[in-house]
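Observations on the model geometry
The lines below spell out each chain.
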Amino acid sequence: MERLQALHTLLPGKVDTSPSERRRHGRDEGYPQEGEVLAVVYPEGVEDVQKALAWARAEGVAVIPFGAGTSLEGHLLPLGEAISLDFSRMNRLLEVRPEDFLCVVEPGLTRKALNEALKGTGLFFPVDPGADATLGGMAATNASGTTTVRYGGMRPNVLALQVVLASGEVLELGRPVRKTSAGYDLKNLFIGSEGTLGLITRLTLRLHPLPEHVHTLRVFFPGVEEAAEASFRVMASGLPVARLELLDELALRALNRHLGAAFPERPALFLEFHSSTREALEAESALALGLMEETGALEVEAAKTEEERRRQWEARHQAYWALVHLFPGHRFMITDTAVPLSRLPEMVRFAQGLLREMDLVGNILGHVGDGNFHTLVPVRPEDYPRAEAYAERLVAKALELGGTCTAEHGVGLRKKKYLPLEHGKALDWMRKLKALLDPEGLLNPGKVLDMGESSGYS
């Protein structure tokens, strides 16, 4: 096509129109539908991003930012003509300032590559979603992970952003300081916006000291309800937990098969404590164990070496893939809800009971230390509507308990329908912000919000 040739000419060596790449960039890991983009653009700097946006404006073609492709809610599915802006070539660590506990990165750098580069500094970046996602993609979805209970998700760990608007204008948002009261907090508006308001081209990230002392435990329970109750009691005690993860027996069975592990196949809490002194660490761990024994803990295993700790958390991060491999030929409905901590045992009890009521197999897994958990429901393709009905009832219950329809996966396409119930009239103001910053509706259209026919791109 003539207009794609113009794109090749505008960005020589940075455009791929091969069918395989166009298909790979038109899908994500969790949404059942797949699409195909017109072309994939690999920018190598801000100027390339601006050129691609200028072409898209002129041609009326949407732009979908792409990190590692690990999102789950349909963020990458094109709903019409679109190009994918793949940031994998913008993957440099630009600056490390250990004395200020920060670094500056390009959006295509992955979290594992960043922490590998930080070795020797005594610092690390804590946000750890299961996938080795890019830092730009993690900011775009406000990702979190196993350490969120101690260190927070992306919002508190991003100090500043460089963002390119649909118009091509470059904004510098935030400052490289721990706090500021200067003006409206536009930086956090773009974190979690899923590429619908602007394209992130640089991030200044907060770093944390590596903990001096670490204690990692696996505690097994007779049922998921007891494990959820134990997690609430640990959090209510005020103990400085660094990680607190729930895995049910199905997840552990899948991990044993997938990794050749030998975990007891019972519901479990995986915990970790970080402390500056061994005495404090031992006291905190002992108190937590006492609380869990009161709720019926059956067995406790401690990770005795750094390698064993690494394997434990790698297993937690592999749980999704282990479950996928346990059910070949299935589709997977992955829910992501969060409720106030005091309602977590009730929510887990409801999720488990609803699986039985609807005669579904499902896995309960999650960051229960911050009230967030996931339920993965494998079904044959023809039964997918039943899994969707399960997810709808689960979200309705979470909202009834004062929670949210998504704590970390984002809205994408799948969860748009829940936003009116969660946000009410505030949803109208979200649409006004989208229309202001992207009047032609070119940036990842149809995700997060439905804008209507007057929004430009359709």
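Residues numbered from 1 in each chain as written. Predicted model: local features only at pLDDT ≥ 70, side-chain atom pairs only at ≥ 80, totals over all residues. Heavy atoms only, no water.

Considering the sheet that holds strand E12 (residues 213-220)
Spatially, seven strands are ordered E15-E12-E14-E13-E17-E18-E16 in an open sheet, and the strand pairing comes out antiparallel. The sheet is open, and its two borders are formed by strand E15 (299-303) and strand E16 (331-338), each paired with just one other strand. For this sheet the average axis-to-axis angle between neighbouring strands, irrespective of direction, equals 15°. Each of E12, strand E13 (241-247), strand E14 (268-275) and strand E17 (363-366) is contacted by helix H10 (residues 249-259), which is oriented at about 90° to E13, the strand it contacts most. On the sheet, helix H11 (residues 278-294) packs against E12, E14 and E15 and is oriented at approximately 155° with respect to E14. (Pairing = 2+ DSSP bridges. Helix = DSSP H or I, 4+ residues; strand = E, 2+ residues; numbered from the N terminus. Axes fitted to C-alpha atoms, helices over the stretch in contact; angles between N-to-C directions. Contact = heavy atoms within 4.5 Å.)

Looking at the pattern of salt bridges
Pairing between side chains of opposite charge can happen when the charged atoms of each approach one another. Scanning the entire structure with this criterion turns up 32 salt bridges. We note a salt bridge from lysine 397 to glutamate 346, for which the minimum N-O separation is 3.7 Å. Of this pair, lysine 397 sits in helix H15 (residues 384-400) while glutamate 346 sits in helix H14 (residues 344-357); the two residues are 51 residues apart in sequence, bridging distant segments of the chain. What you see here is one network of salt bridges that share partners, running through Arg343, Glu346, Lys397 and Glu400. (Salt bridge = Lys/Arg side-chain N within 4 Å of Asp/Glu carboxyl O.)

Examining the environment of leucine 289
One can find leucine 289 in helix H11. Once the C-alpha coordinates of leucine 289 and glutamate 59 are considered, the two residues, 230 residues apart in sequence, prove to be 62 Å apart. When near neighbours in sequence (up to four residues on either side) are disregarded, leucine 289 contacts Leu217, Val219 and Val300.

Topic: the packing of aromatic side chains
Considering all chains together, one arrives at four aromatic pairs under this definition. Aromatic side chains phenylalanine 124 and tyrosine 151 sit 5.5 Å apart centroid to centroid with 85° between the ring planes, which places their arrangement in the edge-to-face category. One end of the pair, phenylalanine 124, is in strand E7 (residues 123-124); the other, tyrosine 151, is in helix H6 (residues 148-151), and 27 residues separate them in sequence. As far as burial versus exposure is concerned, phenylalanine 124 and tyrosine 151 are alike and both buried. With a centroid separation of 5.7 Å and 50° between ring planes, the pair formed by phenylalanine 263 and phenylalanine 270 is classed as tilted. (Phe/Tyr/Trp six-rings, centres within 6.5 Å; stacked < 30°, edge-to-face > 60°. Buried < 20%, exposed > 50% of the residue type's maximum accessible area, 1.4 Å probe, protein only.)

A closer look at the sheet that holds strand E8 (residues 158-164)
Note: strands within a sheet are paired through backbone hydrogen bonds, in either parallel or antiparallel orientation. With antiparallel pairing, the five strands of this open sheet are ordered in space as E5-E6-E10-E8-E9. Sheet topology places strand E5 (93-97) and strand E9 (170-174) at the edges, where each strand pairs with a single neighbour. Strand-to-strand twist in this sheet, taken as the mean axis angle between neighbours without regard to direction, amounts to 15°. In terms of strand pairing, strand E6 (residues 102-105) meets strand E10 (residues 199-206) through four bridges, oriented antiparallel.

Considerations on helix H3 (residues 46-59)
For H3, built from 14 residues, the straight-helix expectation of 20 Å at 1.5 Å per residue is met to within 8% by its first-to-last C-alpha distance of 20 Å. Among all positions in H3, only Val46, Asp48, Val49, Ala52, Leu53, Trp55 and Ala56 are buried. Following H3 by one or two positions, glycine 60 has its phi on the positive side, about 65°. (Expected span 1.5 Å × (residues − 1).)

Some words on the nonpolar core
Membership of the largest hydrophobic core comes to 44 residues, with the highest contact counts inside it found for Leu269, Met292 and Tyr390. Those elements that place two or more of their residues in this core are E12, helix H9 (224-236), E13, E14, H11, H14, strand E18 (372-379) and H15. Those residues within four positions of leucine 269 in sequence are excluded, and the remaining contacts are Leu217, Arg218, Val219, Phe221, Ala227, Ala230, Ser231, Leu244, Glu245, Leu246, Met292 and Val368. Core analysis: the next-biggest nonpolar cluster, separate from the first, contains 27 residues, Met138, Leu161, Val163 and Leu203 among them. (Core = buried A, V, L, I, M, F, W, Y, C linked by side-chain atoms within 4.5 Å.)

What about the packing of H9 against H11?
Remark: H9 packs on H11, axes separated minimally by 9 Å, with the N-to-C direction vectors making an angle of 145°. The interaxial crossing formed by H9 with H11 has right-handed handedness. Contacts between H9 and H11 involve Ala230, Arg233 and Val234 from the former and Ala288, Leu291, Met292 and Glu294 from the latter. Across the contact of H9 with H11, the residue classes break down as five nonpolar, no polar and two charged. (Left-handed = near helix turned anticlockwise from the far one by under 90°. Nonpolar A, V, L, I, M, F, W, Y, C, P; charged D, E, K, R; others polar.)

Digging into H15
A rise of 1.5 Å per residue sets the reference length of H15, with its 17 residues, at 24 Å; its end C-alpha atoms lie 25 Å apart and thus fit the reference within 8%. Every buried residue of H15 is accounted for by Tyr384, Ala387, Tyr390, Ala391, Leu394, Val395, Lys397, Ala398 and Leu399. The inward-facing, buried residues of H15 contact E16, H14, E18 and helix H16 (419-423). One or two positions beyond H15, positive phi appears at glycine 402, with a value near 85°.

Describing unusual backbone geometry
Phi is positive for asparagine 142, which is not a glycine, with a value near 50°. Its location among the elements puts asparagine 142 in the loop between helix H5 (135-140) and H6. Under the relative-accessibility criterion, asparagine 142 is labelled buried at 18%.

Some points on the packing of H14 against H15
Relative orientation of the contacting elements H14 and H15 amounts to 155°, with a least axis distance of 11 Å. Of the possible angle classes, the one that applies to H14 and H15 is roughly antiparallel. For H14 against H15, the interelement crossing comes out right-handed. In this structure, H14 uses Glu346, Met347, Phe350, Ala351, Leu354, Leu355 and Glu357 to contact H15, whose residues at the interface are Tyr390, Arg393, Leu394, Lys397 and Ala398. Looking at side-chain class alone, the contact of H14 with H15 contains eight nonpolar, no polar and four charged residues. (Parallel < 35°, antiparallel > 145°, perpendicular 65-115°, else oblique.)

Considerations on the confidence of the model for the protein chain
Of all residues in the protein chain, 99% attain a pLDDT of 70 or more, and the chain-wide mean is 94. In this model residues 454-458 is a low-confidence stretch, pLDDT under 50, and it forms 13 contacts with partners more than four residues away in sequence or in other chains. (pLDDT = per-residue confidence, 0-100.)

Side note on the side chain of asparagine 444
Within the secondary structure layout, asparagine 444 lies in the segment after helix H17 (426-437). Within polar-contact distance, the side chain of asparagine 444 engages the backbone oxygen of histidine 75 at 3.3 Å. Those residues in contact with asparagine 444, other than ones at most four positions away along the chain, are Val63, Ile64, Pro65, His75, Glu194, Gly195 and Thr196. (Polar contact = N/O pair within 3.5 Å; in protein donor to acceptor, adjacent residues only side chain to side chain.)

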